[in-house]
Amino acid sequence: MKDKDLRKRVPYHIQRDVLDELGVDQVAEKSDFKISAKEKFREAVRFKSCFLSFVPLLTWLPRYPFRENAIGDLISGISVGIMHLPQGMAYALLAAVPPVFGLYSSFYPILIYFIFGTSKHISVGTYAVMSVMIGSVTERLAPDSDFMIPGNDTNSTSLDIVSRDAERVKIAATVTFLSGIFQLLLGLVRFGFVVTYLSEPLVRAYTTAAAIHVIVSQLKYSFGINPQRYSGPLSLIYIIIATVVSWQMDLKTEYGVEVVGKIPSGLQAPVAPAVSLLGSMVGDAFALAVVGYGIAISLGRIFALKYAYKVDSNQELIALGLSNSIGGLFNCFAISCSMSRSMVQVSTGGKSQVAGAISALVILVILLKIGELFEELPKAVLAAIIYVNLQGMMKQFGDIRSLWRTNKVDMVVWVMTLILTVLFNPDMGLAASIAFSILTVVFRTQLPKYSILGQVPGTDIYKPVEDYNQEIPGIMIFHSSATLYFANAEMYIDALYEKTGVDVAKLLSHKKKLEAKRLRKEKKAAKKAKKEAKKRAKEAVKAAEEPKFSDTDESGEEAEANGDVHKLSVKEPKDVAAVEVGPDPDTDTTLPQAIILDLSPVNFLDTVGVKTLRNIYKDYGEAGVQVYFCGCQRGVVESMEKGDFFNEKVTKSILFSSVHDAVLYCQQGNSEEVQYILMSYTHTRISEVS
C-alpha cells in the first residue's frame, strides 16, 4: 500500500468542558506530593549503589563475556599499545617535556580509566590538543631564558637542558594534577552538563586551530632549527616569523640531528605536586579539564550511540579526574582520548575497557625492557608522526562549506573559534570561543520569530496567519518562538503591539490626553458658567431693588411684598456642552475582543518576565481588551505565583492548558459544553486503517 494511502485522515471526536488551569487541576486531581530533601539525600548516599556506580569495574567485569570478547580485546589492546609508543613520545615534544614522559602518560592514566571509566571503546591517553596546551604552560613558566648559564668565553652562554626539562616536567605534572582535581570536583557535584557549552562546531574548530598550533610547534624539529620560543597572545605568529628568519638566515648545510635521548628503564616513584605553582596555573588547569572532558565525552557518546549502551557523563568526569590527578603524581601530563587510536581499537575487535588495560601492559613492557631501543629515534620522525595524526583535524576545514548551507550561525561560531584560538593561546582561545558561542545564543533569544496564529478549519491546530491566512475574528493569538526574560522583554512587548496592531501605550496615552483635555474644557466651561451665573445674580438683585409696576409680574410683587428680594436664586445651567475630540490617527483601530498569549515556548520566567506579563494584562485591560495565557509550564505558573501575579481579581481562570481551550472560552464561554471534531494524521492507527 502506498504511503499516501496509509496516511489516511482518521476522524475522532472529543467531548468535554473547556478547562482553565483551575479546572485542569480539579479534573486531573493534581497532587502536591514532593520528595523530601531527606529522602533525596538517603537515595544519593545509599552505599552499595553509590559505590558500584563510582567503580564501574565491579559491575561489568564479573559479567565479562570471556569467550566472545577476549580475543578481540587482546588483538585490539596490542594494536593500540603499539600506537601509544610513537604517539606518546611525539606528543611529549608538544608538551615540551622529554619523550619518556609521554610513555608514562600512556600507562598510569589508562589503568585508572580502566577501573573508573564507562566508555567501552574510546582510547584514552596522550592527545595532541592537550599536549600543546600543556606545552604553552611549561614554556611560559619555564622559558629557555631562565636556564642560560655562562660559557667558557666571556660573552657566550649555554642552555642548561637538564635543569630546564626537570622544571618543565614538574610544571606539567602540577598543572595535570590540578586539572584532575577540577574534573573530580565537577564530577562529584554532578556538573557533567558543563560540556553542553561546547557545541560540535566549536569543538571541531578548536581542535583544528590547536592542530595549527601543533604544526607550527613542530617546524623546528622538521627543519632542524631552534628559533626563540614565544608564549601568550599572538605567539603563533611570532613563532612562524622566527622560524622563517632562522631558516633563511642560517647558512649551515649540515645540522646536528636531535634524537629522543635517554629512556630510563622501570617506573618512577610518585612525587608531590609543586604547591607553590598552583596559583599561577588555575586558568590553564580549568581549561585543560574542560577541553579534555569535552573531547572524551563527545567521542564516547558517538560510540555509545552506535553500539547501544550508555555513557555516564558525571562518572566520565570522575574517571578522567582520577586519571589526571593520580597521573600527575607520577609525572604524567594531561590526557584525553584520541580519535585515531579509538578507531583502531574498534576496527581491530575491541569490545570493552579490557583492550585499554592490555594496551597499558604493552607500554609497561616497553618501559621495563625495550625502551632503550628507541633512544636514537630522531625527533624529526616524531614530528612527522604528529603531522600524519593531524591530517584528520585539518580536513575539518570542510565544515565551513557544509555549515554555510545548513546553519550560518554555527559557521560563524566555527570561524571565530578558529581565529580566536589561532591568535591567542589555546586556553585563552577556548574561553573567548565559549563566550562568543554563548553570545550567539543570547542574540538568538533576543531576536525570536513573533507571529499571530490562526486556526486551521475543523481542527485544534493553530498556525501563523502569514502562512495559512486563517484569522479568528475578534481574537488575536500571539506566539513567540523563544522564552521571555529580561533580555528580550521589551522586544516582546514591541512585537505584541506591532503584530496585534494595537499599541496600548499610545492608546492609553491618547486616552489620558483626551481625558485631560475634556477635564480642562469642562473646568473652563464650568468656570465660565459660574461667572455668568454671578453676573445674572447681580443683575437680578439690581432689578429686584428697582420698583416694578407691572400688573402681570405677580411673582415680583409677591417677592417685594414679602421682602425676599435677597433670597432670589438663579439656577446655574445643568448641561455643559460635551467636548468631542477627533480620533488619533496613530491609535484609530478596531480593538480585538481578546488577546491570547501562547506561552508554550517559555520554559522559565524571571522577575522582569513576570512584570512584563502583569503590565500587558493590566494595560490591555484598561484599554478594554481581555488577555488570556495558554500553554504555561509548571515552572512558569510557579514564577507567576511567586511574583504576586495573581490576586483576588486576577485568578488562574485566565490560564488555559491549550490555545484551543482559550479560543473556545473566548468564543462561547467556560460554562457551556463544547463539542469539536478534530481531523488529524493519527500514526498510531495507521495499521488499523490499512
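Please refer to the structure higher up on the page.
Residues numbered from 1 in each chain as written. Predicted model: local features only at pLDDT ≥ 70, side-chain atom pairs only at ≥ 80, totals over all residues. Heavy atoms only, no water.

Undergrad: Describe the overall build of the chain, and please don't skip the residues or the numbers.
TA: Broken down by element type, the chain carries 30 helices and 12 strands. The buried share of the chain, reckoned over its 690 residues, is 44%. If you sum the accessible surface of the chain, you get close to 37,700 Å²; carbon and sulfur atoms cover 59% of it. (Helix = DSSP H or I, 4+ residues; strand = E, 2+ residues; numbered from the N terminus. Buried < 20%, exposed > 50% of the residue type's maximum accessible area, 1.4 Å probe, protein only. Areas by Shrake-Rupley, 256 points an atom, 1.4 Å probe, with all protein chains shown as cover.)

Undergrad: An account of the packing of aromatic side chains is needed here, citing residue identities and associated values.
TA: In total, this model carries 21 aromatic pairs according to the counting rule given. Ring centres of Phe107 and Tyr108 lie 5.0 Å apart, and the angle between their planes is 70 degrees; this geometry places the pair in the edge-to-face category. In this pair, the class of Phe107 matches that of Tyr108, namely buried. Centre to centre, the rings of Tyr485 and Phe486 are 5.2 Å apart; their planes meet at 85 degrees, and the pair counts as edge-to-face. In this structure Phe486 comes out as exposed when scored by relative accessible area, which is 58%. Three or more aromatic residues joined by ring pairs form one cluster here, namely Tyr617, Phe629, Phe645 and Phe646. Taking NZ or CZ as reference, Lys120 lies 4.9 Å from the ring centre of Tyr309, over its face. If you follow Lys408 out to its NZ or CZ, it ends over the ring of Trp404, 4.6 Å from the centre. (Phe/Tyr/Trp six-rings, centres within 6.5 Å; stacked < 30°, edge-to-face > 60°. Lys NZ or Arg CZ within 6 Å of the ring centre and 35° of its normal.)

Undergrad: Any details on the sheet that holds strand 7 (residues 462-464)? Residues and values, ideally.
TA: Pairing is mixed in the open sheet, where 6 strands are placed in the order 7-6-8-9-10-11. The open sheet is flanked by strand 7 and strand 11 (655-656), the only strands paired with a single partner. In this sheet, strand 11 lies alongside strand 10 (residues 626-630) in parallel orientation, the contact comprising 2 bridges. If you follow Phe629 over to strand 11, its bridge partner there is Leu655. Across the sheet, helix 27 (residues 607-622) lies against strand 9 (594-598) and strand 10, angled at about 150 degrees from strand 10, the strand it touches most. (Pairing = 2+ DSSP bridges. Contact = heavy atoms within 4.5 Å. Axes fitted to C-alpha atoms, helices over the stretch in contact; angles between N-to-C directions.)

Undergrad: Can you explain a nonpolar patch on the surface? Please cite residues and give values.
TA: Residues Leu185, Leu188, Val189, Phe191, Phe193, Tyr197 and Ile438 make up a contiguous nonpolar surface patch of roughly 670 Å² in combined accessible area. With respect to the helices and strands, Phe193 occurs in the loop between helix 10 (161-188) and helix 11 (200-217). Note on Phe193: relative accessible area 43%, which makes it partly exposed. (Patch = residues over 30% accessible without salt bridge, like charges linked within 9 Å, V, L, I, M, F, W, Y side chains within 5 Å. Salt bridge = Lys/Arg side-chain N within 4 Å of Asp/Glu carboxyl O.)

Undergrad: Now, about the pattern of salt bridges: what can you tell me, with residues and values included?
TA: In the structure shown here, the tally under the stated rule is 10 salt bridges. Here Asp284 makes a salt bridge to Arg140, at a shortest N to O gap of 2.9 Å. Taken as a pair, Asp284 in helix 14 (residues 282-307) and Arg140 in helix 9 (residues 128-141) lie far apart in primary sequence, 144 residues in all. A residue is classified by how much of its surface remains accessible, and Asp284, at 7% relative accessible area, is buried. Take Arg140: its relative accessible area is 30%, and that puts it in the partly exposed class. Where salt bridges share partners, they join Asp144, Arg164, Asp165 and Arg168 into one cluster.

Undergrad: Quick one: what's the story with helix 28 (residues 634-642), residue by residue and with numbers?
TA: Where helix 28 is concerned, the buried positions are Val636, Val637, Ser639 and Met640. Angular distribution of buried residues about the axis of helix 28 spans 160 degrees; they occupy a single face of the element. Buried positions along helix 28 lie against helix 2 (21-27), helix 27 and strand 11. Directly beyond the C-terminal end of helix 28, a positive phi value near 55 degrees is found at Asp644. (Arc of directions from axis to C-beta.)

Undergrad: Any chance you could break down the packing of helix 9 against helix 14 for me, citing the residues and the numbers?
TA: Where helix 9 contacts helix 14, the axes come no closer than 10 Å and their chain directions differ by 175 degrees. It follows that helix 9 is roughly antiparallel to helix 14 by the angle criterion. Contacts between helix 9 and helix 14 involve Val129, Met130, Met133, Ile134, Val137 and Arg140 on the former and, on the latter, Asp284, Ala287, Leu288, Val291 and Gly292. (Parallel < 35°, antiparallel > 145°, perpendicular 65-115°, else oblique.)

Undergrad: Give a detailed account of the nonpolar core, specifying residues and quantitative values.
TA: With 99 residues, the main nonpolar core has Val97, Val129, Met133, Ile134, Leu198, Val291 and Leu430 as its most contacted residues. In terms of residue count, helix 14 provides more of this core than any other element does, 12 residues in total. Apart from the residues lying within four places of it in its own chain, the contact partners of Ile134 are Ala95, Ala172, Val175, Thr176, Leu288, Phe333 and Ala334. Counting 55 residues, the second-largest nonpolar core is a separate cluster that includes Tyr462, Tyr497, Val610 and Tyr620. (Core = buried A, V, L, I, M, F, W, Y, C linked by side-chain atoms within 4.5 Å.)

Undergrad: With reference to specific residues and values, describe the packing of helix 8 (residues 108-116) against helix 17 (residues 354-370).
TA: Close contact between helix 8 and helix 17 brings their axes to 9 Å; oriented N to C, the two are set at 160 degrees. Between helix 8 and helix 17, the interaxial angle falls into the category roughly antiparallel. As helix 8 runs across helix 17, the sense of the crossing is left-handed. Together, Ile110, Leu111 and Phe114 of helix 8 and Val354, Gly356, Ala357, Ser359 and Ala360 of helix 17 make up the contact between the two elements. (Left-handed = near helix turned anticlockwise from the far one by under 90°.)

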